[in-house]
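A look at the structure
As a plain string of letters, each chain reads:
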Amino acid sequence: MRIWTNAKLATLSAARSDLGAIEGGAIVEDSGRIVFAGPASDAPTVTNAETVDCEGRWITPGFIDCHTHLVYAGSRAREFEMRLQGATYEEIAESGGGIRSTMLATRKASEEQLVEDALPRLDALLAEGVTTIEIKSGYGLDVEHELKQLRAARTLGERRDVEIRTTLLAAHTLPPEFDGRPDDFIDLVCNQIIPEAASAGLVDAVDAFCESIGFTREQTERVFEAARSAGLPVKLHAEQLSNSHGAQLAAKYGALSADHLEYLDEDGVRAMAQAGTAAVILPGAFYFLRDTKLPPFDLLRKHRVPMAIATDCNPGTSPLTSVLLAMNMAATLFRLTVKECLKGVTCNAAAALGMAHKVGSLEVGKQCDLAIWDIESPAELVYNIGLNKLHQRVRGGR
Ligand code: DI6
Ligand code: FE
């Protein structure tokens, strides 16, 4: 057992509309779980517990990065330079660069190489108090290499003390061997990649890229049917570059989340609200692509769709390995409040992963994943650009 005392808590319970701040707070842990979180005066008396004096520091739940493409090989710095000279992301993708260039590097890399390449990115996130990360495949695009990518992602959870959730994103782009035959590729995704990844126990959810340069609604729906048959929940890259009405489709399949959402309309928001689908917003990609179309935040608020914030860490549109900076961008570029930013990387991010019962808040029964901060107020976590005030990261009480 362990007790953290003399702390200020931002409990971030999903049920509350505020941060759930408690000054003079304490947390009691037993067997990796929170058994008490509240005012120190109400804490149970326990003997034989190790006491940690937080000296007035703030404690938040460990942060959750609920949308990343962290495992890949190679770099796309050259494409970045091309974009600086005026080429668009879509143009680069259509000329064989983009996701396909990362696919070639990822197919070539060994599983161990993928792990080694991802570790510095993972470590950057952990250094900011991240305790749970979702990692997508989508740069293998065939059975062998999608499974290799998923195994590498799971291995990261053995090399570091972090909870990894893996998402199969085989329907990310069309690999060159299927040029002109997208439906045949979707056959492969549905009949082989999803069932094999699922039976190998390597997947927690299935995602797709429903977009003009990705897959159509019909193709996406087939992927969702295959996920359903494999007993896996779905998520969707939706309305990032155009309104393909992916959000409604995601909602129809009870998706955990729909992500990006720049071009989302009110019908899509309504459908998400009814289905309990979370909105994952990715300010890093918005910033890096120098987007101007804002996701419809007022509609998301009006219909009470939980909003999560993630890095989207990927080599093409968001080479971002900072959740703190993602929050700052969400506030500065999207005008989200401090409270929305913090919920976005804690309780709402947990919802976007279907893990709300387990992580994302300082509440009894949750895993004791904490981030302890050297700050005067929670706003500092959103305000600073490039300054990391983490004092300590705690996972499962350790
Ligand atoms: N949307 C994105 O922003 C990433 N994937 C996706 O579907 C980009 C991935 C890449 O360019 O490598
Ligand atoms: Fe993404």
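Residues numbered from 1 in each chain as written. Chains lettered and ligands numbered in written order. Predicted model: local features only at pLDDT ≥ 70, side-chain atom pairs only at ≥ 80, totals over all residues. Heavy atoms only, no water.

So, the packing of aromatic side chains
Any two aromatic rings considered together are summarised by their centre-to-centre distance and by the angle between their planes. For the structure shown, the criterion picks out eight aromatic pairs. Among the aromatic residues, ring-to-ring pairing joins Phe178, Phe185 and Phe215 into one connected group. In this structure, Arg121 packs its charged tip against the face of Tyr72, placed 3.6 Å from the ring centre. Its end group placed over the ring of Tyr263, Lys293 keeps NZ or CZ at 5.4 Å from the ring centre. (Phe/Tyr/Trp six-rings, centres within 6.5 Å; stacked < 30°, edge-to-face > 60°. Lys NZ or Arg CZ within 6 Å of the ring centre and 35° of its normal.)

Comments concerning the coordination of the iron ion (ligand 2)
Put simply, the ideal angle at a metal is 109.5 degrees for four donors in tetrahedral geometry and 90 or 180 degrees for six donors in octahedral geometry. Coordination sphere of the iron ion (ligand 2), protein contribution only: His67 (NE2), His69 (NE2), His237 (NE2) and Asp312 (OD), at 2.1 to 2.3 Å. For the iron ion (ligand 2), the four donor atoms in the first shell make angles of 81 to 168 degrees at the metal, so the coordination geometry reads as irregular. Here the donor residues of the iron ion (ligand 2) are spaced in sequence according to H-x1-H-x167-H-x74-D. Here His69 is found in the loop between β6 (63–65) and α1 (77–84), whereas its partner Asp312 is found in the loop between β13 (307–309) and α12 (323–334), with 243 residues between them in sequence. Just as His69 is buried, Asp312 falls in that class too. (Donors = N, O, S within 2.8 Å, 3.2 Å for Na, K, Ca; no water. Tetrahedral: all angles 85-135°; square planar, octahedral: opposite > 155°, others 65-115°. Helix = DSSP H or I, 4+ residues; strand = E, 2+ residues; numbered from the N terminus. Buried < 20%, exposed > 50% of the residue type's maximum accessible area, 1.4 Å probe, protein only.)

A closer look at the pairing of strand β12 (residues 278–281)
Side chains Ala278 and Val280 of β12 all project onto a buried face; the interleaved residues Ala279 and Ile281 project onto the opposite face, where all are buried too. Of the crossover connections in this fold, the one passing from strand β11 (residues 257–260) over helix α9 (residues 266–275) to the parallel β12 is right-handed. In this sheet, β13 lies alongside β12 in parallel orientation, the contact comprising three bridges. Counterpart to Val280 in the pairing with β13 is Ala308. (Right-handed = clockwise from strand over helix to strand, strands pointing away. Pairing = 2+ DSSP bridges.)

Some remarks on the side chain of Thr11
Within the secondary structure, Thr11 sits in the loop between β1 (2–10) and β2 (21–30). Setting aside anything within four residues of it in sequence, one finds Thr11 in contact with Leu19, Gly20, Ile22, Pro61, Ser361 and Leu362. (Contact = heavy atoms within 4.5 Å.)

Describing the sheet that holds β6
On the basis of which strands lie adjacent, the open sheet formed by eight strands has the order β6-β7-β8-β9-β10-β11-β12-β13 and parallel pairing. The open sheet has two free edges, formed respectively by β6 and β13, since each of these has just one partner strand. Averaged over all adjacent pairs, the angle separating strand axes in this sheet is 25 degrees, with direction ignored. Sheet topology places strand β7 (residues 130–136) next to strand β8 (residues 163–171); five bridges connect them, and they run parallel. For Lys136, the partnering residue across the bridge sits in β8 and is Thr167. Here α12 sits on the sheet in contact with β6, β7, β12 and β13, set at roughly 80 degrees to β6. (Axes fitted to C-alpha atoms, helices over the stretch in contact; angles between N-to-C directions.)

Comments concerning the nonpolar core
Grouped together as the largest cluster of nonpolar side chains are 92 residues, with contacts concentrated most on Phe63, Leu156, Leu168 and Met327. It is helix α6 (residues 182–199) that contributes the most residues to this core, eight residues altogether. Not counting residues within four places of it along the chain, the set of residues in contact with Leu156 comprises Leu70, Val71, Val115, Ala118, Leu119, Leu122, Ile135, Val162 and Ile164. Within the second largest apolar cluster, 14 residues are counted, among which are Ile27, Val52, Ile372 and Val394. (Core = buried A, V, L, I, M, F, W, Y, C linked by side-chain atoms within 4.5 Å.)

Topic: the site of ligand 1
In the region of ligand 1, 14 residues are neighbours, and Arg76, Tyr89, Tyr139, His172 and Thr317 sit closest. Measuring from a nitrogen atom of ligand 1, one finds a side-chain N or O atom of His172 at 2.8 Å. A distance of 3.1 Å is found between a nitrogen atom of ligand 1 and a side-chain nitrogen or oxygen belonging to Gln240. Coverage of ligand 1 by the protein amounts to 100% of the 320 Å² it exposes when considered alone. The residue inventory of the shell around ligand 1, partitioned by class, reads four nonpolar, eight polar and two charged. (Near = heavy atom within 4 Å. Polar contact = N/O pair within 3.5 Å; in protein donor to acceptor, adjacent residues only side chain to side chain. Areas by Shrake-Rupley, 256 points an atom, 1.4 Å probe, with all protein chains shown as cover. Nonpolar A, V, L, I, M, F, W, Y, C, P; charged D, E, K, R; others polar.)

Describing the state of the cysteines
Tallied over the entire structure, the rule returns zero disulfides. The thiol sulfur of Cys54 is not disulfide-bonded, and the nearest other cysteine sulfur, from Cys368, lies at 10 Å. Judged by its relative accessible area of 2%, Cys54 is buried. Sulfur of Cys210: no disulfide; nearest cysteine sulfur belongs to Cys190 and is 14 Å away. (Disulfide = S-S within 2.5 Å.)

Section: the packing of α6 against helix α7 (residues 217–229)
At a minimum axis distance of 9 Å, the contact between α6 and α7 shows a crossing angle of 10 degrees. Here α6 lies roughly parallel to α7, going by the angle between them. Judged by residue contacts, Pro182, Asp183, Ile186, Asp187, Val189, Cys190 and Ile194 of α6 engage Gln219, Arg222, Val223, Ala226 and Ala227 from α7. Its residues assigned to classes, the contact of α6 with α7 shows eight nonpolar, one polar and three charged. (Parallel < 35°, antiparallel > 145°, perpendicular 65-115°, else oblique.)

Regarding the environment of Gly20
Looking at where Gly20 falls in the secondary structure, it is placed in the loop between β1 and β2. In sequence terms Gly20 and Ser361 are 341 residues apart; their C-alpha atoms lie 9.7 Å from each other. Contact partners of Gly20, with chain neighbours within four places excluded, come to Leu9, Ala10 and Thr11.

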